[in-house]
Amino acid sequence: MVVVGILLAYLAGWVLEWRWLAVLGCAPPSLMLLFMCVMPETPRFLLTQHRRQEAMAALRFLWGSEQGWEDPPIGAEQSFRLALLRQPAIYKPFIIGVSLMAFQQLSGVNAIMFYAETIFEEAKFKDSSLASVVVGVIQVLFTAVAALIMDRAGRRLLLVLSGVVMVFSTSAFGTYFKLTQGGPGNSSHVALSGPVSTEPVDASVGLAWLAVGSMCLFIAGFAVGWGPIPWLLMSEIFPLHVKGVATGVCVLTNWLMAFLVTKEFSSLMEVLRPYGAFWLASAFCIFSVLFTLFCVPETKGKTLEQITAHFEGR
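Conventions used here
- Residues numbered from 1 in each chain as written.
- Predicted model: local features only at pLDDT ≥ 70, side-chain atom pairs only at ≥ 80, totals over all residues.
- Heavy atoms only, no water.
- UniProt positions renumbered as here; feature names shortened; annotations may be inferred.
- Helix = DSSP H or I, 4+ residues; strand = E, 2+ residues; numbered from the N terminus.
- Expected span 1.5 Å × (residues − 1).
- Phe/Tyr/Trp six-rings, centres within 6.5 Å; stacked < 30°, edge-to-face > 60°.
- Buried < 20%, exposed > 50% of the residue type's maximum accessible area, 1.4 Å probe, protein only.

- The name given to the protein chain in an unreviewed UniProt entry is Solute carrier family 2 member 8, with the source organism recorded as Rhinopithecus roxellana.
- Here the protein chain is described in UniProt, under the heading Subcellular location (unreviewed entry), as follows: "Membrane".

Some points on the UniProt feature "transmembrane region" (unreviewed entry) in the protein chain
- Taking the UniProt record as the reference, the feature "transmembrane region" (unreviewed entry) is found at residues 20-39, 94-116, 128-150, 157-177, 207-233, 245-262 and 274-296.
- The annotated region residues 207-233 carries 85% helix and 0% strand content, and the separation between its end C-alpha atoms amounts to 38 Å.
- As a span, residues 274-296 carries 96% helix and 0% strand, and end to end its C-alpha atoms are 31 Å apart.

Things to note about helix 6 (residues 88-106)
- In this model helix 6 runs 26 Å from its N-terminal to its C-terminal C-alpha over 19 residues, within 8% of the 27 Å that 1.5 Å per residue would give.
- Looking one or two residues beyond helix 6, the residue adopting positive phi is Gly108, at roughly 95°.

Some thoughts on the packing of aromatic side chains
- Counted under the stated rule, the structure contains nine aromatic pairs.
- Where Phe103 meets Trp226, the ring centres are 6.4 Å apart and the plane angle is 75°; that geometry is what we call edge-to-face. Here Trp226 lies in the loop between helix 12 (201-224) and helix 13 (229-236) and Phe103 lies in helix 6, a separation of 123 residues in the sequence. The burial state of Phe103 is the same as that of Trp226; both residues are buried.
- Here the aromatic residues Phe173, Tyr176, Phe177, Phe265 and Phe278 are joined through ring pairs into a cluster of three or more.

Right, dumping it as structure tokens:
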């Protein structure tokens with residue numbers, strides 16, 4: 001649903017002037033504001049506040065009945081304390097969750113998205129403004145694939161395959177910039193707005209299509225694994241009594257890393273040159289694969305109790 005929303009935003013941006021796009025952007029939060037007025041609190045939260053009657057009413061609203069509901073285990077209502085971080089069942093998933101969010105942003109996904117339209121222009125795409133729509137369609141298709149096969153293939157396998165695909169695609173993207181950047185220019189904008197090498201135009205267009213292919217491959221690989229799975233694992237690995245705080249810290253990490261990558265990527269391209277910046281992203285993708293292989297447990301088909309026992313070494 002997230003990537004479908006992103007695709008709809010891209011489509012709106014393709015057909016609307018930016019002012020009308022801004023007006024249209026007011027509609028979803030306005031609808032959410034109205035709908036949240038009739039949305040009950042979660043039953044589990046209400047039970048932790050000793051409001052059982054309201055919790056049962058919320059259950060009937062959400063499920064249609066109270067059948068199949070189990071009360072939270074004793075201790076689920078405990079609040080988060082820093083002393084809990086000494087427990088392996090707390091600090092291990094905490095480290096994994098934060099690391100997954102950091103690696104997701106360090107993969108270079110935002111950098112790829114920034115330059116999508118420019119790359120399509122260099123490839124002589126007939127309508128480069130369609131680039132974002134193409135990117136959005138690829139995201140939707142491969143996220144749908146991930147949703148369909150995730151419970152059969154497993155989280156770890158998809159993360160590893162996704163990481164490997166991103167390693168090759170970011171390496172190829174860096175190679176494209178290395179081949180097209182023939183001069184000593186230190187401006188990432190110049191390097192992206194037009195190849196500075198003395199190669200024939202046809203060769204430059206061919207290299208641009210290498211970049212288009214690498215970009216599409218990266219987006220497909222990201223959508224299959226490192227796009228959705230860190231968010232899924234975040235909801236699976238934390239014990240109930242720390243899930244709120246731990247999830248908040250993971251989301252904070254994700255947005256903080258997104259901010260830093262967005263703010264500093266241009267400076268990084270000036271220091272390392274564009275090819276160096278994308279090869280650095282490739283290195284982070286390699287680290288993400290190794291981290292998955294050695295640190296991330298498989299949660300497919302496991303209960304929270306089994307996952308907690310894994311972290312405790314039982």
